[in-house]
Amino acid sequence: MIKHYIQFAVFPLFALLLTACSKDDTDDNPPSQNVTRWECILFGSYPANEVVSSSFNAVDDYALVDGDVIVDAALYSQLEHAQWTNDDTEIDGRRYHRLNATGAVSHSDNSPQHYRWTDADAWHYFAYAPIKWRILKQTGDKAVLLADRMPDTCPFNDTYDDTSWSDCSLRRWLNSEFLNRAFTSSEIAAIEETDVKNVPNYYFGTDCGPDTKDRVFVLSESETFSSPLAVEYGFTDKDYGDDPARRFRSTLYAKCRGAWWSPVEKFRGVSFWFMRTVGYTKANVVYVGESGDTYNRGIVVTCDDSAVLPAITLNLSKADYQQTSPVYSTDIIQ
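Structural notes, computed from the coordinates. (Residues numbered from 1 in each chain as written. Predicted model: local features only at pLDDT ≥ 70, side-chain atom pairs only at ≥ 80, totals over all residues. Heavy atoms only, no water.)

Observations concerning the overall build of the protein chain
To keep it simple, the criterion reads: Helix and strand definitions here come from DSSP, where helices need a minimum of 4 consecutive H or I residues and strands a minimum of 2 consecutive E residues; each element is numbered from the N-terminal end. Exposed residues in this analysis have more than 50% of their type's maximum accessible area, buried residues have under 20%, and partly exposed residues fall in between, with area computed by a 1.4 Å probe over protein chains only. Should any heavy atoms of two residues lie within 4.5 Å, those residues are considered in contact. Here, Shrake-Rupley sampling with a 1.4 Å probe gives the accessible areas, and only protein chains in the shown set may cover a residue.
Helix and strand content of the protein chain: five helices and 19 strands. Looking at the protein chain as a whole, 58% of its 334 residues are labelled buried. Of the contacts formed within the protein chain by residues at least 6 apart in sequence, a portion of 66% connects residues at least 24 apart. Counting only carbon and sulfur atoms, one obtains 46% of the accessible surface of the protein chain, whose full area is about 14200 Å².

A closer look at the packing of aromatic side chains
The criterion, for reference: A pair of Phe, Tyr and Trp rings is counted when the ring centres sit within 6.5 Å of each other, with Trp represented by its six-membered ring. The angle between the planes then sorts it: under 30 degrees is stacked, over 60 is edge-to-face, the rest tilted. Whether a charge sits over a ring comes down to the Lys NZ or Arg CZ being within 6 Å of the ring centre and within 35 degrees of the ring normal.
This model, assessed by the stated rule, comprises 20 aromatic pairs. Each ring, one from Tyr 202 and one from Phe 225, has its centre 5.4 Å from the other, and the planes form 80 degrees; the classification is edge-to-face. Within this pair, whereas Tyr 202 is found in the loop between β10 (194–196) and β11 (212–214), its partner Phe 225 is found in the loop between β11 and α4 (228–233), the two being separated by 23 residues in sequence. The exposure class assigned to Tyr 202 is partly exposed, which follows from its relative accessible area of 49%. Taken together, the ring pairs connect Phe 43, Tyr 46, Phe 126, Trp 133, Trp 173, Phe 178, Phe 183 and Tyr 253 into an aromatic cluster. One cation-aromatic arrangement involves Arg 297 over Tyr 280; the distance from NZ or CZ to the ring centre is 3.8 Å.

As for the side chain of Thr 313
For clarity, the threshold we go by: For the purposes of these results, a polar contact is taken to be a pair of N or O atoms within 3.5 Å, where, inside protein, one atom must be able to donate a hydrogen and its partner to accept one; residues adjacent in sequence count only when each atom of the pair is a side-chain atom.
Relative to the helices and strands, Thr 313 resides in strand β18 (residues 311–315). Here Thr 194 takes part through its side chain, which lies 2.7 Å from a polar atom of the side chain of Thr 313. When neighbours within four sequence positions are excluded, Thr 313 is seen to be in contact with Lys 142, Ala 143, Val 144, Ala 190, Ile 191, Glu 192, Thr 194, Arg 215 and Phe 217.

A closer look at a nonpolar patch on the surface
Formally: Patch membership requires over 30% relative accessible area and the absence of a salt bridge. Like charges are linked within 9 Å, and nonpolar side chains (Val, Leu, Ile, Met, Phe, Trp, Tyr) within 5 Å. Throughout this description, the term salt bridge denotes a Lys or Arg side-chain nitrogen within 4 Å of a carboxyl oxygen of Asp or Glu.
A grouping of Tyr 202, Tyr 203, Phe 204 and Tyr 280 is seen on the molecular surface, where their side chains present a nonpolar patch of about 450 Å² in accessible area. For Phe 204, the location among the structural elements is in the loop between β10 and β11.

Some points on the environment of Val 51
By secondary structure assignment, the location of Val 51 is in strand β2 (residues 35–52). Owing to a relative accessible area of 0%, Val 51 belongs among the buried residues under this scheme. When sequence neighbours within four positions are dropped, the list of residues in contact with Val 51 reads Ile 70, Asp 72, Leu 75, Tyr 76, Leu 79, Tyr 96 and Tyr 125.

Description of unusual backbone geometry
Its identity as a non-glycine residue notwithstanding, Asp 92 has a phi of 50 degrees, on the positive side. Mapped onto the secondary structure, Asp 92 falls in the loop between β4 (88–91) and β5 (94–99). Positive phi values are uncommon outside glycine, yet Gln 113 reaches one of about 60 degrees.

As for the side chain of Ser 220
Its location among the elements puts Ser 220 in the loop between β11 and α4. Those residues in contact with Ser 220 that sit more than four places away from it in its chain are Met 275, Arg 276 and Thr 277.

Concerning helix α1 (residues 73–80)
Note the following rule: This arc describes the spread of directions from the helix axis toward the C-beta atoms.
Every buried residue of α1 is listed here: Leu 75, Tyr 76 and Leu 79. Each buried residue of α1 lies within a common arc of 100 degrees when the element is viewed along its axis, so the set occupies one face. Its buried side turned inward, α1 meets β2, β4, β5 and β6 (124–139).

Some thoughts on the pattern of salt bridges
Taken as a whole, this structure holds 16 salt bridges when the rule is applied. In this structure, the salt-bridge partner of Arg 246 is Asp 243, at a minimum N-O distance of 3.6 Å. Judged by relative accessible area, Arg 246 falls into the buried class, the value being 0%. Connected through salt bridges with shared partners, the residues Asp 88, Arg 95 and Arg 181 form a single ionic network.

Structural notes on the environment of Tyr 233
Along the chain, Tyr 233 falls in helix α4. Look at Tyr 233 and you get buried, because its relative accessible area is 5%. In this structure, the C-alpha to C-alpha distance between Tyr 233 and Leu 146, residues 87 residues apart in sequence, is 9.8 Å.

With respect to the pairing of strand β14 (residues 273–278)
Look at any regular strand and the pattern is simple: side chains alternate between the two faces of the sheet. Where we set the bar: Strand pairing is assigned whenever DSSP identifies at least 2 bridges connecting the two strands.
Taken across its six residues, β14 has six buried, putting it largely inside the fold. As paired strands, β14 and strand β15 (residues 284–288) are joined by three bridges and run antiparallel to one another. Bridged to Trp 273 within β15 is Val 288. Counting the residues between successive antiparallel strands, the hairpin from β14 to β15 contains five residues.

Laid out in structure tokens, this is it:
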């Protein structure tokens, strides 16, 4: 059994960050096989849970988790009559966001494994919820965090052209619209600018452009397989085969915006996500499928139903965050 231990001189709450453990290793009922455990925190917030007045059938039940749908006719009525600024409002101290089909990346009323838009003009209302982050690595008071659920969807690039992380639409969107919606100004101040390395595609050698500095980014091939860093982050060192650690679900808001989910029995409800590594050409981008496999050849950069899995580097000494329940790499095995 491989064990990953990262010891810290400060912030002892996360002294044991990543551990492959068995059922007897802890008392809080982890899965009964060797797994990776990530400690987690809540930081920032984002639209996530849909408020409806009665029944909900826009998404298959198996693709939902508890809390995704809030059935509350009185609250729904308040939201219908609320005053909105940039499609945001606040009721009783809680923030809400509204969305219709014009604000979705893609929408349809009958596309399998996609949110069913029966009325493109109707508003859909979403409550903001804290973003849960997995701690991939901590050095001193700085922690590399990866979202536990994919909060949104966005194409890697708006146009079908050769591109790279440095000049793609996704990078611009993450470091502007997403950043400003997910975090307050004081929270943004606690997010470090990360030195983002963009090495060539592992198999095809495709140039992935210059290195960048970003507050928000997505992971690369070398951070999710085939490197000591990937193993340190809690992933397998192979890109092939099912790696539960690379499986993620999207939020209901991300699905409403266009994210696809899997109907396959073993991976039901899991979405796929882009890396920042381009594929066999620079008009393709590597992605991780619902099984946890990495598809190094890639998919077209304009693909509009991939969910986004953001990462940040947080200065814990400057951040107002909350510890929350840990996550195990086998949590998304059905």
